[in-house]
Amino acid sequence: MENQVLDAIKTRRSIRKYRPEQIKDEELITVLEAGTFAPTGKNRQDPFIVAVQNEELMKRLIRMNAEIMGTDSNPYYNAPTIVLVFAPAVKDNKNSVQDGSLILGTMMLAAHSIGLASCWINREMEMFATGEGIELMKELGIPEGYIGIGALSLGYSAIPNPKALPRKENYYKIVK
């Protein structure tokens, strides 16, 4: 079976090399809005999505993430936009990680469908659990008690879209 959605799912890849030019505002809004349509438990729509294009804030995020990662490289792969997703602490909403993850995945597919590249970035949970991270969430207007779920690097790919690796055998099972 073939259709545009299935094609996007099958051809989207994580990209780790970006062109330096900033994405268009219309493209960014399209991706962010798609994220707001991701399902959330009980339709609570609790997560917050923050797109960062401010150079100084991006440098801060890069440093914070690199410190958690134990490196001095750019964990966001020099993408011109970083998209952060926050959600209530799990004690306040047991679906927080799942809700935020669905938002990130939905935004990745939306980005690919309009010609943008993305890569899921980890360590936001650890970054925003630090004193500096908690302070930064306040600066960003994120409600108290929220946690970092993940991030996307977002931009125009500087490389051709890689081919999919073969899927492993027995990846799924049907029980009737």
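Please refer to the structure placed before this passage.
Only a predicted model underlies this, so the values are computations on that prediction, with no experimental measurement involved.

**Considering the pairing of strand E2 (residues 81–88)**
By the criterion of burial, E2 is predominantly enclosed, with eight of the eight residues buried. Relative to E2, strand E1 (residues 48–52) is paired through five bridges, and the arrangement is antiparallel. Within the sheet, the bridge partner assigned to Val50 lies in E2 and is Leu84.

**Observations regarding the layout of surface pockets**
The volume enclosed by the largest pocket comes to roughly 170 Å³. Around the largest pocket sit 14 residues that line it, and Ile134, Met137, Glu144, Gly145 and Tyr146 are the ones nearest its centre. Those elements giving two or more residues to the lining of the largest pocket turn out to be helix H6 (131–140) and strand E4 (146–155). Among the residues forming the lining of the largest pocket, the class breakdown is 10 nonpolar, two polar and two charged.

**Brief notes about the pattern of salt bridges**
In this structure the tally under the stated criterion is 10 salt bridges. A salt bridge links Glu132 to Arg63; the shortest N-O distance between them is 2.3 Å. On the criterion of sequence distance, the pair formed by Glu132 in helix H6 and Arg63 in helix H3 (residues 55–69) is long-range, its members being 69 residues apart. Using a relative accessible area of 29% as the deciding quantity, one classes Glu132 as partly exposed. Each of Arg60, Arg63, Glu67, Glu132 and Glu139 takes part in a single network of salt bridges with overlapping partners.

**Some points on helix H2 (residues 25–36)**
In an α-helix there are 3.6 residues to a turn, and that puts residues three or four apart on one side. Taking 1.5 Å as the rise per residue, H2 with 12 residues should run 16 Å; its terminal C-alpha atoms sit 17 Å apart, in good agreement. Among the residues making up H2, those that are buried are Glu27, Leu28, Val31, Ala34 and Gly35. Take H2 and look down its axis: the buried residues cluster within an arc of 130°, on one side only. The outward face of H2, more than 90 degrees from its buried face, is lined by the exposed residues Asp25, Glu26 and Ile29. Looking at the buried residues of H2, the elements they touch are E1, E2, helix H4 (96–113) and E4.

**Points about the nonpolar core**
Judged by nonpolar contacts, the single largest core of 23 residues is most densely connected at Val52, Leu61, Tyr76, Ile82, Leu84, Phe86 and Phe128. Put simply, the parts of the chain that give this core at least two residues each are E1, H3, E2, strand E3 (117–121), H6 and E4. It is H3 that provides the largest number of residues to this core, a total of four residues. Residues within four places of Leu84 in sequence aside, it is in contact with Phe48, Ile49, Val50, Val52, Leu61, Glu124, Phe128, Leu140, Gly150 and Ala151. With 17 residues, the next largest nonpolar core counts Val31, Ala87, Met107 and Met108 among its residues.

**Focus: the sheet that holds E4**
Pairing in this open sheet of four strands is antiparallel, and the strands run E1-E2-E4-E3 from one edge to the other. The outermost strands of the open sheet, each flanked by one partner alone, are E1 and E3. In this sheet, adjacent strand axes meet at a mean angle of 25° when their direction is disregarded. Pairing of E2 with E4 involves eight bridges; the strand directions are antiparallel. Across the sheet, the residue bridging to Ile82 is Ser153, located in E4. Contacts between H2 and the sheet are confined to E1, E2 and E4, with E1 contributing the most and set at about 165° to the helix.

What counts, and at which threshold
- Residues numbered from 1 in each chain as written.
- Predicted model: local features only at pLDDT ≥ 70, side-chain atom pairs only at ≥ 80, totals over all residues.
- Heavy atoms only, no water.
- Buried < 20%, exposed > 50% of the residue type's maximum accessible area, 1.4 Å probe, protein only.
- Helix = DSSP H or I, 4+ residues; strand = E, 2+ residues; numbered from the N terminus.
- Pairing = 2+ DSSP bridges.
- 1 Å grid on protein atoms, 1.4 Å probe; cavity = no way out; pocket = protein on both sides within 12 Å on 5 of 7 lines; lining within 4 Å.
- Points joined across faces, edges and corners; volume = space filled by probe spheres on them.
- Nonpolar A, V, L, I, M, F, W, Y, C, P; charged D, E, K, R; others polar.
- Salt bridge = Lys/Arg side-chain N within 4 Å of Asp/Glu carboxyl O.
- Expected span 1.5 Å × (residues − 1).
- Arc of directions from axis to C-beta.
- Contact = heavy atoms within 4.5 Å.
- Core = buried A, V, L, I, M, F, W, Y, C linked by side-chain atoms within 4.5 Å.
- Axes fitted to C-alpha atoms, helices over the stretch in contact; angles between N-to-C directions.

Interpretation in functional terms is not warranted from these geometric data alone.
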